[in-house]
Amino acid sequence: MAIHVKLDAVLAQRGITLTELAERIGLTLANASILKTNKARAVRFTTLDALCRELNCQPGDLLEWLAD
Amino acid sequence: MKVLGKRSIASFITSVLDVAWWGIAIGLVLLLVLLAGSTFLELRGDNLTFSVPVAVQLDAPVHGASGETSAHFEKLQGNLRFPARQGAFLSGSVAVVVLAFGYMFWIVNQLRHVFRSLSQGLPFVMANGRRIRWIGLAVIFGEFGRFAIVYFWSYYTSLHFVADGLRFAPSVDINPITIVAGLAILVIAEVFQQGARLQEDQSLTI
């Protein structure tokens, strides 16, 4: 997939675990894991909003485009 | 009344299909035994009979009750029952019936899987689209297969049986509605495939 989610890197920088983040933003761990492992087909704006708020970052910090 | 899920129409149909599956499975086993026995057993008397579909043409004219109008039969269709005799026709016919049962067994099995997922409230799974497509193809090709068997049997009777005042004619019996139904099932299969893709997209949208 061309869009890469850099959630693991941002989580490492913030020192937060995936479980903790999932609890804070109201995601199931399974869905958070799908996001982290780049298996997601789409991300809702509401989810992106919650992620940016909790991680104190911009959408561009979480997403990057990679050429195939 | 619920259509999908537990205690629904779908779960009722699943139960009916389960019973049909077991019935066909038992019938298939018995037919396989008969097929194996048809080459070894010696048939005596008229205990085992065949009933095959035939089409006949009558030579006798039909008159109106007043005697004024004369009419005639063009073609009559029915079944011809005759004692089975050992040989290629018996073994071949039993083999054809075994194949037909195997074919039904496979279709009912596919339907069971589809309706089981419907009774679990999961209509849009990828496997359902694939199974329904196979069922559609089976309905279409099954109709052609049925046509071929009926034609062969009526052709066989036209060669081997004679009767006063009537002639056996090879029967061309193909049902276009069944073909159209098979094509409609193929379309429904594609709808299920699209639904499964949407369901997958939905489940992977975070």
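Please read all numbers here as calculations on a predicted model, not as lab measurements.

> If you had to explain the packing of helix α2 (residues 88-119) of chain B against helix α3 (residues 126-160) of chain B to someone new, which residues and values would you point to?
For any two helices packed against each other, the geometry is given by the interaxial angle and the distance between the axes. Residue and element names in this part refer to chain B. Orientation of α2 relative to α3, taken along the N-to-C sense of each, is 160 degrees, at an axis distance of 10 Å. For the element pair α2 / α3, the angle class is roughly antiparallel. As for the relative orientation of α2 and α3, their crossing is left-handed in sense. Residues that form the contact of α2 with α3 fall into these classes: 17 nonpolar, six polar and one charged.

> Let's hear about the pattern of salt bridges: which residues, and what values?
In total, this model carries nine salt bridges over all chains according to the counting rule given. Between Glu-20 of chain A and Arg-24 of chain A there is a salt bridge, and its shortest N-O distance comes to 3.0 Å. Here Arg-24 of chain A and Glu-20 of chain A lie together in helix α2 (residues 18-25), a separation of four residues that amounts to about one turn. By relative accessible area, Glu-20 of chain A is classed as partly exposed at 33%. For Arg-24 of chain A, a relative accessible area of 41% gives the class partly exposed. Close ionic contact of Arg-112 of chain B with Asp-18 of chain B constitutes a salt bridge, the shortest N to O distance being 2.7 Å. Here Arg-112 of chain B, found in helix α2, pairs with Asp-18 of chain B, found in helix α1 (residues 9-38); they are 94 residues apart in sequence, far enough to count as distant. Of the residues examined, Asp-18 of chain B reaches a relative accessible area of 22% and is grouped as partly exposed. Residues joined in a network through salt bridges with shared partners are Glu-20, Arg-24 and Glu-54 of chain A.

> Please set out the sheet that holds strand β4 (residues 76-83) of chain B residue by residue, giving values where relevant.
Residues and elements named next belong to chain B. If you trace the three strands from one edge of the open sheet to the other, you get β4-β1-β5, paired in antiparallel fashion. Strand pairing shows two members of the sheet lacking a second neighbour, β4 and β5 (166-169), which therefore form its edges. Averaged over all pairs of adjacent strands, the angle between their axes in this sheet comes to 50 degrees, without regard to strand direction. Strands in contact with α3 are β1 (49-58), β4 and β5; relative to β1, the strand with the most contacts, it is inclined by about 75 degrees.

> Can you break down the interface of chain B and chain A residue by residue, with the values?
Chain B puts seven residues into the contact, and the matching count from chain A is eleven residues. Of the roughly 800 Å² buried where chain B meets chain A, counting both sides, 51% is carbon and sulfur surface. The largest share of the area that chain B buries against chain A comes from Leu-204, Thr-205 and Ile-206 of chain B, three residues that together contribute 80% of it. Counting the contacts that link chain B with chain A gives two salt bridges. In this structure, Glu-200 of chain B and Arg-41 of chain A form a salt bridge, with 2.7 Å as the shortest nitrogen-oxygen distance. Inspection of the region where chain B meets chain A yields seven residue pairs in polar contact (both at pLDDT 80 or more). Of the residues belonging to the side of chain B that touches chain A, the class tally is two nonpolar, three polar and two charged.

Conventions used here
Residues numbered from 1 in each chain as written. Chains lettered and ligands numbered in written order. Predicted model: local features only at pLDDT ≥ 70, side-chain atom pairs only at ≥ 80, totals over all residues. Heavy atoms only, no water. Axes fitted to C-alpha atoms, helices over the stretch in contact; angles between N-to-C directions. Helix = DSSP H or I, 4+ residues; strand = E, 2+ residues; numbered from the N terminus. Parallel < 35°, antiparallel > 145°, perpendicular 65-115°, else oblique. Left-handed = near helix turned anticlockwise from the far one by under 90°. Nonpolar A, V, L, I, M, F, W, Y, C, P; charged D, E, K, R; others polar. Salt bridge = Lys/Arg side-chain N within 4 Å of Asp/Glu carboxyl O. Buried < 20%, exposed > 50% of the residue type's maximum accessible area, 1.4 Å probe, protein only. Pairing = 2+ DSSP bridges. Contact = heavy atoms within 4.5 Å. Buried area = accessible area lost by both parts, 1.4 Å probe. Polar contact = N/O pair within 3.5 Å; in protein donor to acceptor, adjacent residues only side chain to side chain.

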